[in-house]
Amino acid sequence: MRLLFTAAVSVLAMTVAVSAQETYTFKYPSWMWEEGGVGPWNKDRVAAFEAANPNIKVEATLIPNTSYEQTITTQIAGGDVPDFMPAFTNMIAPMVDAGVLAPLDECIAGSSFKDRILPSVSFAVIDGQTYGLPVTMSPQSLIYNKKLLDEAGVGIPTTVEEFVAAARAVKEKTGQWGYVFPNDSNALFTYIVSMQWIIGMGSDWSQPDRSITANDPVNVEAVSLIKSFLDEELSPKGLDANSVRTTFDEGKAAFMIDGPWVITQVANTNPALVPDVGFDLVPTPTHAAITGGAFYVVPAEAAHKEDACKLLDIIYEPQAQQRYLEDLLQIPGTNVEPSEQFLADYPWAEKMVEIAANYPGGIGYAPPGYAIEAPEFRQIAADHLARIYAGEVSVQQGLDEAQAALEAWAASL
């Protein structure tokens, strides 16, 4: 009997061991699986994860970026919970508020990357717990066409006053636009442009305590500056974000404030212009580089949280992060030291890395204190900015009206 019992225990142990090694499906939806260089990079990370964990098969589900937030939210609410996923920055606060995300602090504490995470991780720290880790935090900063600056006899501006003077000189001496920025009916991009100058000059639309500061004197100064570019015809009216990038790409503008992906676009469509394109600090007092970005998150109801932590270790391997920077020309989620060859090939990249590390601002395009309600806030602000830019009201009146509208809206929440 004892032999039979011992044999039974051995069989049970073997069964448990085999069961532990059985292949299971690890759910990983993303909008990035088929994106340019980003898709292959992510697939390489998955391949490395599967090689290190033979019992795991990753289900890489592609969800278009235009419907990603709505689709994921609906799936999770319906019980179809991923094991791991990226989230747009603006998704973090609402998902934490709804109890959808798991804190990652234990995962980080036991990781190989804990000392290399970008400071922008602070955006995903809520009530002392970390709910997301940066995918990428490429900064929006000053992009310039040196050829036009040379023709106009001006240098790279370091102050707001120099920026305005350089934009005027370019328009007067070359006939090209001094500065291009989105100013069509799109609420998000209208709001982002206002952030670039308002935060750059030391203010914001609101404060962390949820007080509204739309008509702060600094905001009036910043919006007056934006409107002056349109009024003086230093900037074209009515362009959307894609048209702005195309205008710069064609060599028809001296300045824009955008991310390094614009330079990648120039390299693909107008490579002759690349040697003349530079990336530098926004010439505002704070040098704030507005950043959208994305975060890796793990749902609270995910079935395989420990394996999600293992995947994060593979995603954040130093060599892989180096490739993210040097192959994709984007800022990865951890601090990376660019190679000498990379800096020789892309001289502007060192400045991009410096800006991302030191001047992140307006992360996630969220008004302070209103991360959960950001879309509604931005729409109200953009509606009033549109009236200002159209000349229907003065800057002061328009921002006073925005202040009243936002305060009434906030009181109704």
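Above this text is the structure in question.
Residues numbered from 1 in each chain as written. Predicted model: local features only at pLDDT ≥ 70, side-chain atom pairs only at ≥ 80, totals over all residues. Heavy atoms only, no water.

Peer 1: Please explain the nonpolar core as it appears in this structure.
Peer 2: A general tendency of soluble globular proteins is for nonpolar side chains to be buried together. Formed by 79 residues in total, the largest nonpolar core has its most connected members in Phe-26, Tyr-28, Phe-84, Leu-133 and Tyr-296. Among the elements that make up this core, the one with the highest residue count is helix H12 (residues 305-315) (five residues). (Core = buried A, V, L, I, M, F, W, Y, C linked by side-chain atoms within 4.5 Å. Buried < 20%, exposed > 50% of the residue type's maximum accessible area, 1.4 Å probe, protein only. Helix = DSSP H or I, 4+ residues; strand = E, 2+ residues; numbered from the N terminus.)

Peer 1: Which parts of the structure should I look at to understand the pattern of salt bridges?
Peer 2: Where side chains of opposite charge bring their charged atoms close, a pairing between them can arise. Under the criterion given, the structure shown has 16 salt bridges. Ionic pairing is found between Asp-258 and Arg-245, a salt bridge with its closest N-O pair at 2.7 Å. Placement of Asp-258 in strand E9 (residues 253-258) and of Arg-245 in helix H10 (residues 241-249) is noted, with a sequence separation of 13 residues between them. Judged by relative accessible area, Asp-258 falls into the buried class, the value being 7%. On the basis of relative accessible area, Arg-245 is assigned to the buried category, the value being 16%. (Salt bridge = Lys/Arg side-chain N within 4 Å of Asp/Glu carboxyl O.)

Peer 1: Which parts of the structure should I look at to understand the packing of helix H2 (residues 38-52) against H12?
Peer 2: A pair of packed helices is characterised by two quantities: the angle between their axes and the separation of those axes. Their axes nearest at 9 Å, the elements H2 and H12 cross at an angle of 125 degrees. Classified by the angle their axes make, H2 and H12 are oblique. Handedness of the H2/H12 crossing: right-handed. Along its contact with H2, which presents Trp-41, Arg-45, Ala-48, Phe-49 and Ala-52, the element H12 presents Asp-307, Lys-310, Leu-311, Ile-314 and Ile-315. (Axes fitted to C-alpha atoms, helices over the stretch in contact; angles between N-to-C directions. Parallel < 35°, antiparallel > 145°, perpendicular 65-115°, else oblique. Left-handed = near helix turned anticlockwise from the far one by under 90°. Contact = heavy atoms within 4.5 Å.)

Peer 1: When you look at unusual backbone geometry in this model, what are you seeing that I'm missing?
Peer 2: Glycine aside, residues mostly have negative phi, and peptide bonds are mostly found in the trans state. At Glu-233, a residue that is not glycine, the phi angle is positive and equals roughly 60 degrees. Following the sequence through the fold, Glu-233 ends up in the loop between helix H9 (217-231) and H10. The residue His-287 is not glycine, and still its phi comes out positive at about 60 degrees. Structurally, His-287 is set in the loop between strand E10 (277-280) and strand E11 (289-290).

Peer 1: Hey, could you run me through the sheet that holds strand E7 (residues 141-145) in this one?
Peer 2: Note on sheets: strands pair through backbone hydrogen bonds, and any given pair is parallel or antiparallel. Read across the sheet, four strands follow the order E8-E9-E7-E10 without closing on themselves; strand pairing throughout is mixed. Among the strands making up the open sheet, the edge pair consists of strand E8 (177-179) and E10. Averaged over all neighbouring strand pairs, the angle between strand axes comes to 25 degrees, with direction disregarded. The sheet contact formed by E7 and E9 spans four bridges and is antiparallel. If you follow Tyr-144 over to E9, its bridge partner there is Phe-255. Of the strands in this sheet, E7 and E10 touch helix H15 (residues 349-358), which is tilted by about 25 degrees from E10. (Pairing = 2+ DSSP bridges.)

Peer 1: Is there a simple way to think about helix H11 (residues 261-269) in this case?
Peer 2: Along an α-helix, a turn takes 3.6 residues, which lines up residues three or four apart on a common side. All of the buried residues in H11 are Val-262, Ile-263 and Val-266. Here the buried residues of H11 occupy an arc of 100 degrees about the axis, which is enough to place them on one side. Residues of H11 that are buried sit in contact with E7, H10, E9 and E10. (Arc of directions from axis to C-beta.)

Peer 1: Any chance you could explain the environment of Asp-150 here in plain terms?
Peer 2: Topologically, Asp-150 is positioned in helix H6 (residues 146-152). Taking C-alpha positions, Asp-150 is 9.1 Å from Val-170, a pair spaced 20 residues apart along the chain.

Peer 1: I'm lost on the packing of aromatic side chains in this one. Help?
Peer 2: Aromatic rings in a pair are described by how distant their centres are and how their planes are angled relative to each other. The final tally for this structure, using the stated rule, is 27 aromatic pairs. With centroids separated by 4.0 Å and ring planes inclined at 25 degrees, the aromatic side chains of Trp-31 and Phe-88 adopt a geometry described as stacked. One end of the pair, Trp-31, is in the loop between strand E1 (24-30) and H2; the other, Phe-88, is in strand E3 (residues 85-88), with 57 residues separating them in the sequence. In this pair, the class of Trp-31 matches that of Phe-88, namely buried. (Phe/Tyr/Trp six-rings, centres within 6.5 Å; stacked < 30°, edge-to-face > 60°.)

Peer 1: What is the right way to look at the sheet that holds strand E12 (residues 294-297) in this model?
Peer 2: In space, the three strands of this open sheet follow the order E3-E12-E6, with antiparallel pairing throughout. The sheet terminates laterally at E3 and strand E6 (133-136), the two strands that pair on one side only. Direction aside, neighbouring strands of the sheet carry axes that sit 40 degrees apart on average. Two elements, E6 and E12, share three bridges in a ladder whose sense is antiparallel. Considered in E12, the bridge of Pro-134 is made with Phe-295. Lying over the sheet, helix H4 (residues 89-97) contacts E3 and E12, oriented at roughly 100 degrees with respect to E3.

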